[in-house]
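Spelled out from the first residue to the last, the chains are:
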Amino acid sequence: MKILIQRVKNASVKVENEIISSIENGYLVFVGIVEDDEEKDIKKIVDKIVNIRLFENPPGKMNESIIDRNGEILLVSQFTLCATHDGGRRPSFIKAMNPVDAKKLFERLTNDLRQENLIVKTGQFGNYMEISLINSGPVTIIYDSKEKR
């Protein structure tokens, strides 16, 4: 599972010219679900999102988490994070999980984050979405649950 976390002042998702979700002061998280993702990947991603310290404390060091700030999360499925581009000019999405199974994992990720007492909103899985945001910092972090640490 691959995620791209952006610390935002606000973010919203539009589907068919209607805002369906919006947050203030938190994380916009794009989620790419890879064909071999499973439960352990969700656990790693939840742990990373909940505990990563991307907010500044009073001395100005990034030392506070989303929980410390009572921030909100906007999760948006983005299969293009699973792209490979080893040859040619067009990316391949063959590594992305099939939409039926990916939707189940995305819903599980959403529910697991909500179990952490976080406000979690989502885009609309599988639909064309327009994302608006004001990035704070800017702070953007990429994380892959398969990376060896």
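Computed from a prediction, not measured in an experiment: that's the story for all the values here. (Residues numbered from 1 in each chain as written. Predicted model: local features only at pLDDT ≥ 70, side-chain atom pairs only at ≥ 80, totals over all residues. Heavy atoms only, no water.)

A few words now on the layout of surface pockets. Put simply, the largest pocket is a space of about 370 Å³. What lines the largest pocket is a set of 19 residues, and nearest its centre among them are Ser 77, Gln 78, Phe 79, Phe 125 and Gly 126. Those elements that provide at least two residues to the lining of the largest pocket are strand 2 (18-32), strand 5 (72-77) and helix 2 (99-114). With three residues, strand 2 is the largest single contributor of residues to the lining of the largest pocket. (1 Å grid on protein atoms, 1.4 Å probe; cavity = no way out; pocket = protein on both sides within 12 Å on 5 of 7 lines; lining within 4 Å. Points joined across faces, edges and corners; volume = space filled by probe spheres on them. Helix = DSSP H or I, 4+ residues; strand = E, 2+ residues; numbered from the N terminus.)

This brings us to the packing of helix 1 (residues 39-51) against helix 2. The N-to-C vectors of helix 1 and helix 2 enclose an angle of 40°; their axes lie 10 Å apart at closest approach. It follows that helix 1 is oblique to helix 2 by the angle criterion. Along this stretch, helix 1 crosses helix 2, giving a crossing that reads as right-handed. Facing helix 1, whose interface residues are Glu 39, Ile 42, Ile 45, Val 46, Ile 49 and Val 50, helix 2 presents Leu 105, Arg 108, Leu 109, Asp 112 and Leu 113. The residue makeup of the contact of helix 1 with helix 2, split by class, is eight nonpolar, no polar and three charged. (Axes fitted to C-alpha atoms, helices over the stretch in contact; angles between N-to-C directions. Parallel < 35°, antiparallel > 145°, perpendicular 65-115°, else oblique. Left-handed = near helix turned anticlockwise from the far one by under 90°. Contact = heavy atoms within 4.5 Å. Nonpolar A, V, L, I, M, F, W, Y, C, P; charged D, E, K, R; others polar.)

We now examine the pattern of salt bridges. Counted by the stated rule, this structure contains eight salt bridges. Residue Glu 38 is joined to Lys 40 by a salt bridge in which the shortest nitrogen-to-oxygen separation is 3.6 Å. In this structure, Arg 108 engages Glu 39 in a salt bridge whose closest nitrogen and oxygen atoms are separated by 2.9 Å. Of this pair, Arg 108 sits in helix 2 while Glu 39 sits in helix 1, placing them 69 residues apart in sequence. Through salt bridges that share partners, Asp 36, Asp 37, Asp 41 and Lys 146 make up one connected network. (Salt bridge = Lys/Arg side-chain N within 4 Å of Asp/Glu carboxyl O.)

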